[in-house]
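Take a look at the letters that make up each chain.
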Amino acid sequence: MYKPFSDMLASMHSLSLTIYWCILTVLSIAIGFKALEEMLKGGEK
Amino acid sequence: MIVEFIAILIAFFVGGSVIAVYSRRLLGAGSREFFVGGYRVGGFLSAMTYAATTYSAFMMIGLAGLTFATGVAALGFELAYLASTVLLLSTIGVVVWRRARERKWVSPTDMLADLYGSKTLGIAVAVLYLFALIPYTSAQLKGIGEIFASLGIGFEVGIIFATFATALWTVVAGLWSVATTDAYQGVWMISGSIATLLWLYLFLLPSNGIDFTKFIEHLTKGQNLLTFTWSPQMFIGLTLPWLFFALINPQVVQRLYIPRDEKAFRRMVIYFSTYGFIYTLICIMLGLGYRAYLSSLGLVQQFAANRDAVAPYVISKAHTVLAAAVFTSIIAAAISTADSIVLSVASSISRELYEKTVSKPSERKSIAIANCVTIAMLIMAAVLALLRIGYVVELSVASSAYLLPLAPITLAALLKKQNKGWKALASLLLGEAVAAYATSCYGPAKILAAPLALNIPTPAWILVASSIPLLIP
């Protein structure tokens, strides 16, 4: 049977949902940190 | 195995007790010191107590079991919780932290009672905490009982040990003993999870001939666990209460009061999010690893009806010392959550039913009442645990559903959109009525995922119902 991709690559591709969840979370946390700085600065003013 | 486990457990208990007793040196006079550490807790300690409080035995047992059974959808569920918590802490959390110092909030109910200027609301919320969080506490004790049972020591012995340790570490120095032992237990939790991960992926799976390709094969044969396997109702139903967890659960609300300054608050958020992200990924990886391992042995079906038993079963295959240490780390996760819950609920009951109702309250008496509530609550939770009702995961999340009506009330008040006490009470009543109706229809274990009407799960209806009174002009 012809396989366009190696088994390893196909396996890694099936982990894409996991990677997507993680990227989304890291982005959310980064936005959170930015918001935190703004909120704390707001208090200092 | 039993000998190693008991030896490590005794070492863990003695270490925690020494820390708890030593923390009395930090404790000043008065109920504010006992319940919120006098608003002078450092950033690292605040972060560790927040992490150890919010992450319970559910992570290593319930979440790993959920991942074993349903795959990476569980990661989306848990990361959604983490992302929303960090966003809430970074925005609303700052507002709560500032107001707590200005208005001298001590218990979680102080916040709502003060924002709405309603004593009745404070009492109603304190009673709700008591009702909703006994099952949550019970789930923690049950988790410890299951570990003892899996080692052949006895479920009941585990419940008694957990109840005693939780009570002791709470009453010794209040928030100070809870926070310092939480930090100690937080180290146990992350170390135990990392040790399990290394053992599972570097030893157990390779020694069973499972390489990366075979690992993926085991996870994708039959039901593909690397895709989104949950129904939308299940995902929304389980996730929604957890999105608001930071605002509605008293044990974490109270932690927003404690950082000593802005620097400490910033550190709390940064350290907690780092801890949470790492711990979540580890627990999910453990669940997937357990699945691959048990699938290779053809044992998946054996655990289909009892997924909470998966983690204890696989961990018991490790070297006895490692297994004993990991079981102890799971016990640490359960106790660190339970003691924070009972302290926050006890402080609410003591503030609302004693301090605010008598003309000249004695702070010493207030602490004594809180300690009595702590012990009574733990006894009730222990009795419930001994009855062995439901899964750890459903019990924990069901408690959040009952607390969910607090989300619109809290947000409306903090964002200055609402301050009428009767509207908040009406909101609470409507939300609880929906939760009670759903419980009567589906039972407590299934109220979250079951669609109540229009194919929409109960938590969404709870939010809708509890928002309606607040929208009335």
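Just so it is clear, the model here is predicted, and its values are computed rather than measured.

### Some remarks on the nonpolar core
Now for step 1: Ala64(B), Leu112(B) and Ile330(B) are the most contacted members of the largest nonpolar core, which totals 179 residues.
Now for step 2: Not counting the four nearest positions on each side in its chain, Leu112(B) is found in contact with Leu121(B), Gly122(B), Val125(B), Ile409(B), Thr410(B), Ala413(B) and Ala424(B).

### Details of helix α17 (residues 320-355) of chain B
Now for step 1: Compared with an ideal rise of 1.5 Å per residue, which puts 36 residues at 52 Å, α17(B) spans 50 Å between its outermost C-alpha atoms and is within 8% of the ideal.
Now for step 2: Within α17(B), 31 of the 36 residues are buried, which leaves the element mostly enclosed by the surrounding structure.

### Considerations on the interface of chain A and chain B
Now for step 1: The interface of chain A with chain B comprises 19 residues on the first partner and 25 residues on the second.
Now for step 2: Tallying contributions element by element places helix α2 (residues 16-44) of chain A first for the side of chain A that touches chain B, with 14 residues.
Now for step 3: Of the residues assigned to the side of chain A that touches chain B, the class counts are eleven nonpolar, seven polar and one charged.

### Some details on helix α1 (residues 2-22) of chain B
Helical geometry note: an α-helix holds 3.6 residues per turn, so side chains three or four residues apart project in the same direction.
Residue and element names in this part refer to chain B.
Now for step 1: For α1, built from 21 residues, the straight-helix expectation of 30 Å at 1.5 Å per residue is met to within 8% by its first-to-last C-alpha distance of 30 Å.
Now for step 2: Within α1, the full set of buried residues consists of Phe5, Ile8, Leu9, Phe12, Gly16, Ile19 and Ala20. The buried residues of α1 occupy an angular sector of 110° when projected down its axis, which confines them to one face. Structural note: α1 exposes Val3, Ile10, Ala11, Val14 and Val18 on the side pointing more than 90 degrees away from its buried face.
Now for step 3: Residues of α1 that are buried in the fold lie against α9 (155-171), α10 (175-207) and α17.

### A look at the packing of α9(B) against helix α18 (residues 363-386) of chain B
Residues and elements named next belong to chain B.
Now for step 1: Put simply, α9 and α18 touch, their axes get as near as 10 Å, and they point 165° apart. Taken together, α9 and α18 sit at an angle that is classed as roughly antiparallel. By crossing handedness, the relation of α9 to α18 is classed as right-handed. Contacts from Glu156, Ile159, Thr163, Thr166, Ala167, Thr170 and Val171 of α9 reach α18 at Asn371, Thr374, Ile375, Leu378, Ala382, Ala385 and Leu386.
Now for step 2: Partitioning the contact of α9 with α18 into residue classes produces eight nonpolar, five polar and one charged.

### Remarks on the environment of Gly143(B)
Now for step 1: Inspection of the secondary structure assignment puts Gly143(B) in helix α8 (residues 119-150).
Now for step 2: Spatially, the C-alpha atom of Gly143(B) lies 18 Å from that of Ile190(B), the residues being 47 residues apart in sequence.

### Points about the confidence of the model for chain B
Now for step 1: When the pLDDT values of chain B are averaged, the result is 88; 97% of them are 70 or greater.
Now for step 2: The complex model carries a pTM of 0.90, and its ipTM stands at 0.78.

### So, the packing of helix α21 (residues 421-442) of chain B against helix α22 (residues 458-471) of chain B
Residues and elements named next belong to chain B.
Now for step 1: Closest axis-to-axis distance for the α21/α22 pair is 7 Å, and the angle between their directions is 155°. Considering their axes alone, α21 and α22 lie roughly antiparallel with respect to each other. Of the two possible hands of crossing, α21 and α22 adopt the one that is right-handed. For the pair α21 and α22, contact is made by Lys423, Ala426, Ser427, Leu428, Leu430, Gly431, Val434, Ala435 and Ala438 and by Thr458, Trp461, Ile462, Ala465, Ser466, Ile468, Pro469 and Leu470, respectively.
Now for step 2: Along the lines of polarity and charge, the residues of the contact of α21 with α22 split into twelve nonpolar, four polar and one charged.

What counts, and where the lines are drawn
Residues numbered from 1 in each chain as written. Chains lettered and ligands numbered in written order. Predicted model: local features only at pLDDT ≥ 70, side-chain atom pairs only at ≥ 80, totals over all residues. Core = buried A, V, L, I, M, F, W, Y, C linked by C-beta atoms within 7 Å. Buried ≥ 20, exposed ≤ 12 C-beta atoms within 10 Å, placed from the backbone. Contact = placed C-beta atoms within 7 Å. Helix = DSSP H or I, 4+ residues; strand = E, 2+ residues; numbered from the N terminus. Expected span 1.5 Å × (residues − 1). Nonpolar A, V, L, I, M, F, W, Y, C, P; charged D, E, K, R; others polar. Arc of directions from axis to C-beta. Axes fitted to C-alpha atoms, helices over the stretch in contact; angles between N-to-C directions. Parallel < 35°, antiparallel > 145°, perpendicular 65-115°, else oblique. Left-handed = near helix turned anticlockwise from the far one by under 90°. pLDDT = per-residue confidence, 0-100.

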